Amino acid sequence: MASQFVHLHTHSHYSFLEGLIDPVTLARKAAEWRMPAIALSDHASLTGAIPFYQACLKEGVKPILGLEVDCGVPVGLKLRFPGVGNAHPHGRLVLLALNLAGWRSLCRLSSQVLGGSITWLPFETLAGESNNLICLTGGRASLLDQLVHGGQDGLAAAWLGALQSCFPGGLYVELQKGSQIGDHYWALQLASLGRKIKLPVVASGDAYYEEPSESQLQRLVTAIRLNRPVRDLDREA
């Protein structure tokens, strides 16, 4: 029987110093898991998209091309996060292409991030490319999760409203549940907020590697990227 779960938030080794899995291997694993489709959503980069797409077709799996980006907030929406810089608040989003026009939008957004002077997208830039894209709210590293964890449900709803205006009918509240204490509670809080403003929810794994045995290697590359000792990382960094 085919799996009813489809990974929509994954990283290959083209998410530099974040992911470990080869995009071709990702396609092969999806076929082994009998998934009808799978997405590749590397951070800022589309380098692995073509080999991933070709490998999925070879394996009989529907490829979904995506991109994980850091996005700022609209001009006029004031978000405050205690203890961190607030000049330009931004957080993760996952964008999935619906068609060829959506793929072209992903290419332009990736080029803007990789070739620009800042590593995050202004909200207005994203809004200009939002047609033909689906947006997931981004999981643990998202602005939405930060706001809900901070008890700022009003601002969280305002942020979702801004995203909803960009992606009418194409915005999903992303729920992630790992091994941290409280994950289940926060997933319920996010789902409840989504229901209040009539947004659908989607579960994701935010996958970075193939086998559980690779978790320590992924922590090592994260420590290198952050220039911090491994012992100082959060348990699920």
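Structural notes, computed from the coordinates. (Residues numbered from 1 in each chain as written. Predicted model: local features only at pLDDT ≥ 70, side-chain atom pairs only at ≥ 80, totals over all residues. Heavy atoms only, no water.)

On to the packing of aromatic side chains. Aromatic ring pairs are reported here in terms of the distance separating the ring centres and the angle at which the planes meet. Evaluation of the coordinates by the stated rule reveals two aromatic pairs. Look at Tyr 185 and Trp 186: their rings are 4.9 Å apart centre to centre, the planes differ by 75 degrees, and that puts the pair in the edge-to-face class. (Phe/Tyr/Trp six-rings, centres within 6.5 Å; stacked < 30°, edge-to-face > 60°.)

Looking at the second largest pocket, its volume works out to about 310 Å³. Lining the second largest pocket are 14 residues; nearest its centre among them are Pro 63, Ile 64, Leu 65, Ala 97 and Leu 98. The set of elements that each furnish at least two residues to the lining of the second largest pocket consists of strand 2 (62-72), strand 3 (90-97) and helix 3 (100-115). Residues that form the lining of the second largest pocket fall into these classes: 12 nonpolar, one polar and one charged. (1 Å grid on protein atoms, 1.4 Å probe; cavity = no way out; pocket = protein on both sides within 12 Å on 5 of 7 lines; lining within 4 Å. Points joined across faces, edges and corners; volume = space filled by probe spheres on them. Helix = DSSP H or I, 4+ residues; strand = E, 2+ residues; numbered from the N terminus. Nonpolar A, V, L, I, M, F, W, Y, C, P; charged D, E, K, R; others polar.)

Once that is clear, we can look at the sheet that holds strand 5 (residues 171-175). In spatial order, the strands read 1-2-3-4-5-6; together these six strands make up an open sheet with mixed pairing. Lying at the two open borders of the sheet, with one neighbouring strand each, are strand 1 (37-40) and strand 6 (201-203). Each adjacent strand pair in this sheet contributes to an overall mean axis angle of 35 degrees, direction not counted. Note: strand 4 (residues 133-136) against strand 5, two bridges, orientation parallel. Its bridge partner lying in strand 5, Leu 136 is registered against Tyr 172. Set on the sheet, helix 2 (residues 49-59) makes contact with strand 1 and strand 2; between it and strand 2 the angle comes to about 150 degrees. Each of strand 2, strand 3 and strand 4 touches helix 3; the most contacted strand, strand 2, lies at about 40 degrees to it. (Pairing = 2+ DSSP bridges. Axes fitted to C-alpha atoms, helices over the stretch in contact; angles between N-to-C directions. Contact = heavy atoms within 4.5 Å.)

Let's shift gears to the pairing of strand 3. With seven of its eight residues buried, strand 3 lies for the most part within the structure. Bridge count for strand 2 against strand 3 is seven bridges, and the pairing is antiparallel. If you follow Cys 71 over to strand 3, its bridge partner there is Gly 91. Alignment of strand 3 against strand 4, held across four bridges, turns out to be antiparallel. Across the sheet, residue Leu 96 finds its bridge partner in strand 4, namely Ile 134. (Buried < 20%, exposed > 50% of the residue type's maximum accessible area, 1.4 Å probe, protein only.)

Bringing helix 3 into the picture now. Helix length check: helix 3 (16 residues) gives 22 Å between terminal C-alpha atoms against 22 Å at 1.5 Å per residue, within 8%. Considered for burial, the residues of helix 3 that qualify are Gly 102, Trp 103, Ser 105, Leu 106, Leu 109, Ser 110 and Val 113. Along helix 3, the residues classed as buried sweep out an arc of 155 degrees about the axis, all on the same side. Away from the buried face of helix 3 by more than 90 degrees, exposed residues Leu 100 and Gly 115 are located. Buried residues in helix 3 make contact with helix 2, strand 2, strand 3, helix 4 (123-127) and strand 4. In this structure Asn 99 caps helix 3, since a side-chain oxygen of it lies 3.2 Å from the backbone nitrogen of Ala 101. (Expected span 1.5 Å × (residues − 1). Arc of directions from axis to C-beta. Polar contact = N/O pair within 3.5 Å; in protein donor to acceptor, adjacent residues only side chain to side chain.)

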